[in-house]
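# Breakdown of the fold
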Amino acid sequence: MAKSFFITTAIDYSNGQPHLGHAYEKIIADVLARSRVCFGEQAFFLTGLDEHGQKVQQAALAEGKTPQAFCDHLAIGWRSLPKTLNLRIDDFVRTTELRHKQVVQAILVKLEREGHFYKAEHSGFYSTRQETFLTEKDRLPNGGFDPFYGEVVELKEENYYFKLAPHQDWLISHIEQNPEFVSPENRRNEVLGFLKNQKLEDLCITRPASRLSWGIPIPFAPEYVTYVWFDALVNYISVPASHGDPIVCQALDLPGSSGEAGARELWPADIHVIGKDILQFHAVYWPIMLRAMGLPLPSRILAHGWWQKDGQRMSKSTGNTVDPQAVVTEWGVDAFRYYVVRELAIGADGNWTDAGFSGRYHSELANGLGNLVNRSLSMVHRYRGGVLPARSNDLEAEAAIASGETESHLRACNPQAALQSIWALIARANQYVDQTAPFKLAKDPHRSARLDEVLYALAETTRVLAVLLWPFLPGTAEKIYAQLGLGNSPNRFTDSSWGGIRPGHQLGPVAPLFPRKDHPKA
Ligand code: MSP
């Protein structure tokens with residue numbers, strides 16, 4: 001089997017419930033993964049949970065549960081998120097799984113044997129919430145530390161450190177020579193600025209088990225557990241290893257290296273989709289870890305922006321949050337998927353307001369797409385008994401432009417621009433209905449041939465739209481195909497070329513796609 005297009009998201013901390021920010025990231029990744037299916041590739045989409053570390057241990061303690069019981073309980077809700085969002089995932093990892101822990105330990109042993117670590121004592125200020133030592137640079141002008149760090153304590157500790165100095169120069173050249181490695185561009189500049197302006201400090205990769213027991217034990221020093229980031233990042237290769245990926249298995253000398261039947265070729269990842277707050281872990285520490293292991297680097301780290309709600313940071317404690325499940329229950333999953341992808345360019349920050357959501361729902365989904373599909377197909381039923389007339393090519397050029405642009409924007413990881421191209425076609429087709437006025441043509445028997453042309457062009461545009469929409473709104477795209485009486489799935493981009501629907505074809509039953517919700521209830 002050829003290498004799959006391998007796309008991942010961050011794995012979420014299992015210390016709370018999923019919110020809009022988590023859901024947004026997963027939807028972007030799903031759109032990009034589905035687009036590769038449309039291009040005829042094998043795609044492998046991985047997401048999961050980051051279950052170790054201080055944050056989770058503290059949250060479990062606060063509920064009087066063991067960390068494992070706490071995680072097992074929360075995982076039930078998190079595992080249902082992919083279903084709620086209609087994500088086409090191929091695996092879901094929990095870092096407490098044996099398959100993951102074994103790989104983390106194998107890496108630790110290999111890197112220790114090859115001299116990448118040393119043990120040293122460090123004293124300084126430690127943020128328990130962020131699980132990290134702070135330096136003088138982190139102090140605020142008033143001498144304190146940002147509340148983001150929570151409680152900061154003075155600590156003197158021996159730990160294992162990962163030597164980073166030998167990696168700084170090659171990483172800078174890698175980022176300079178591979179413009180797509182970190183995107184968007186402003187994030188790439190941020191990483192380059194960070195790397196060029198200071199000497200990298202070695203990374204502390206252990207925590208004494210006496211202080212923090214909820215982690216993966218260090219095989220050669222069982223009085224320590226693994227630093228949660230050294231553990232979490234490894235999910236991107238521990239899962240490929242569990243699927244027998246030859247590159248990972250060989251580099252780490254794991255079983256499965258001999259190319260077993262059913263093995264998947266996944267590594268290197270094509271895209272890591274992450275939020276801007278965890279860029280340094282992905283664009284600095286992770287590439288260095290991979291290089292030390294002798295593994296190739298991912299092709300692209302795509303850093304998205306952050307959502308606020310009503311201009312405020314989302315937070316559990318204040319209740320200022322958007323619950324993806326609630327939005328989906330009220331508006332439907334495709335309305336949610338559409339809104340978050342359409343609203344933000346990747347990299348930009350966003351602000352959720354209920355009014356903004358409802359506005360796009362009504363103008364772009366109900367009036368734009370829904371109305372076009374509904375009136376186009378209803379007219380074929382009303383005027384031609386649901387049977388497609390002879391082919392015409394009105395709107396063919398516009399449909400071809402939309403297809404070409406959609407494909408190139410998706411390849412460039414710009415799903416928002418792809419939606420703009422698709423909606424330009426929707427706007428043009430709605431304008432075409434107004435200009436050609438088929439309801440008037442239908443009243444004049446001499447204009448029957450023109451009516452045929454208009455009806456075919458609209459039905460075929462509807463079909464092309466279903467194909468273009470599938471990565472974004474898979475359920476809606478499939479409903480449009482069913483309404484067109486087409487039995488297959490609109491998940492092949494090659495099907496977006498004009499003329500796919502045959503004259504004489506019988507349409508299926510029509511039903512509204514996005515019912516309006518802004519009229520007072522009777
Ligand atoms: N567990 C780490 C990631 C380890 S990846 C090897 C983590 N977890 S998290 O739960 O805090 O965040 C998970 C992802 O959700 C991150 O990419 C983060 O940027 C994203 N978001 C969390 N809140 C967000 C918003 N308010 N808006 C957009 N994305 C946000 O970090």
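What this report covers is the structure whose coordinates are included nearby. Along every chain, residues carry numbers that run from 1 in the direction the sequence is written. The predicted origin of the model limits local features to residues at a pLDDT of at least 70 and limits the giving and counting of side-chain atom pairs to 80 or more, whereas totals for whole chains, interfaces and linings rest on all residues. To get the side-chain values, all heavy atoms of the structure are used, and hydrogens and water are removed first.

## Description of unusual backbone geometry
Cis peptide bonds are those with omega within 30 degrees of zero, and the linkage from Ser183 to Pro184 qualifies with 0 degrees. Mapped onto the elements of the fold, Pro184 is located in the loop between β8 (182-183) and α6 (185-197). Between Trp267 and the following residue, Pro268, the backbone shows a cis peptide bond with an omega angle of 5 degrees. Tracing the backbone shows Pro268 in the loop between α9 (246-252) and β13 (271-275). Not every positive phi belongs to a glycine, and Asn86 is a case in point at roughly 55 degrees. For helices the rule is a DSSP run of H or I covering at least 4 residues; for strands it is a run of E covering at least 2, with both sets numbered from the N terminus onward. For Asn86, the position within the fold is in the loop between α3 (67-84) and β4 (91-94). Even without being a glycine, Cys413 presents a positive backbone phi close to 60 degrees. Here Cys413 shows up in the loop between α14 (396-411) and α15 (415-436).

## Points about α3
Given 3.6 residues to a turn, an α-helix orients residues that are three or four positions apart in the same direction. The span expected for a helix works out to 1.5 Å for each residue beyond the first. The terminal C-alpha atoms of α3 lie 26 Å apart, and with 18 residues this matches the ideal 26 Å at 1.5 Å per residue to within 8%. Buried, partly exposed and exposed residues are distinguished by accessible area as a fraction of the type maximum, computed with a 1.4 Å probe on protein chains only: under 20%, between the cut-offs, and over 50%, respectively. Regarding α3, the residues found buried are Pro67, Phe70, Cys71, Leu74, Ala75, Trp78, Leu81, Pro82 and Thr84. Once α3 ends, the next one or two residues include Asn86, with phi positive near 55 degrees.

## Digging into the pattern of salt bridges
In what follows, salt bridge is the name for a side-chain nitrogen of Lys or Arg lying within 4 Å of a carboxyl oxygen of Asp or Glu. Summed over the entire model, instances satisfying the criterion amount to 33 salt bridges. As a salt-bridge pair, Glu176 and Lys196 come within 2.5 Å of each other at their nearest N and O atoms. Of this pair, Glu176 sits in helix α5 (residues 168-177) while Lys196 sits in helix α6, and the two are 20 residues apart along the sequence. On the accessibility criterion, Lys196 (47% relative accessible area) is partly exposed. By sharing partners, the salt bridges in this structure join Arg36, Glu41, Glu407 and Arg411 into a single network.

## Focus on the sheet that holds strand β16 (residues 312-313)
Across the sheet, which stays open at both edges, the 3 strands sit in the order β16-β15-β17 with mixed pairing between neighbours. The strands lining the two open edges of the sheet, one partner per strand, are β16 and β17 (350-352). Paired strands, in this sense, are two strands between which DSSP finds at least two bridges. Note that strand β15 (residues 307-309) and β17 share 3 bridges and pair parallel. If you follow Gln308 over to β17, its bridge partner there is Asn351.

## Considering the site of the ligand
Near the ligand you find 24 residues, and of these Ile11, Glu25, Asp50, Asp277 and Trp307 are the closest. A distance of 2.6 Å is found between an oxygen atom of the ligand and a side-chain nitrogen or oxygen belonging to Asp277. To be clear on the numbers: accessible area is Shrake-Rupley with a 1.4 Å probe, and residue cover counts the displayed protein chains and nothing else. For the ligand, whose free accessible area comes to 660 Å², the fraction covered by protein is 94%. For the shell around the ligand, the elements supplying multiple residues, two or more each, are β2 (12-13), α1 (20-38), α7 (228-233), α8 (235-242) and β13. Tallied by class, residues from the shell around the ligand come to 12 nonpolar, 8 polar and 4 charged. Consider each residue's heavy atoms; a residue with any of them within 4 Å of a molecule or strand counts as near. Here a polar contact is taken to be a pair of N or O atoms separated by no more than 3.5 Å, where protein atoms must pair a possible hydrogen donor with a possible acceptor and residues adjacent in sequence count only if both atoms sit in side chains. As a working rule, the residues Ala, Val, Leu, Ile, Met, Phe, Trp, Tyr, Cys and Pro are called nonpolar, Asp, Glu, Lys and Arg charged, and the rest polar, with Gly in that last group.

## Quick word on the pairing of strand β12 (residues 221-226)
As defined by bridge partners, strand β10 (residues 206-208) adjoins β12 across 3 bridges and the pair is classed as antiparallel. Following the sheet pairing, Arg207 is matched in β12 by Val225. Inspection of the sheet shows strand β11 (residues 217-218) paired to β12 by 2 bridges, in the antiparallel sense. Its bridge partner lying in β12, Ile218 is registered against Ala221. Hairpin connection from β11 to β12: 2 residues lie between these consecutive antiparallel strands.

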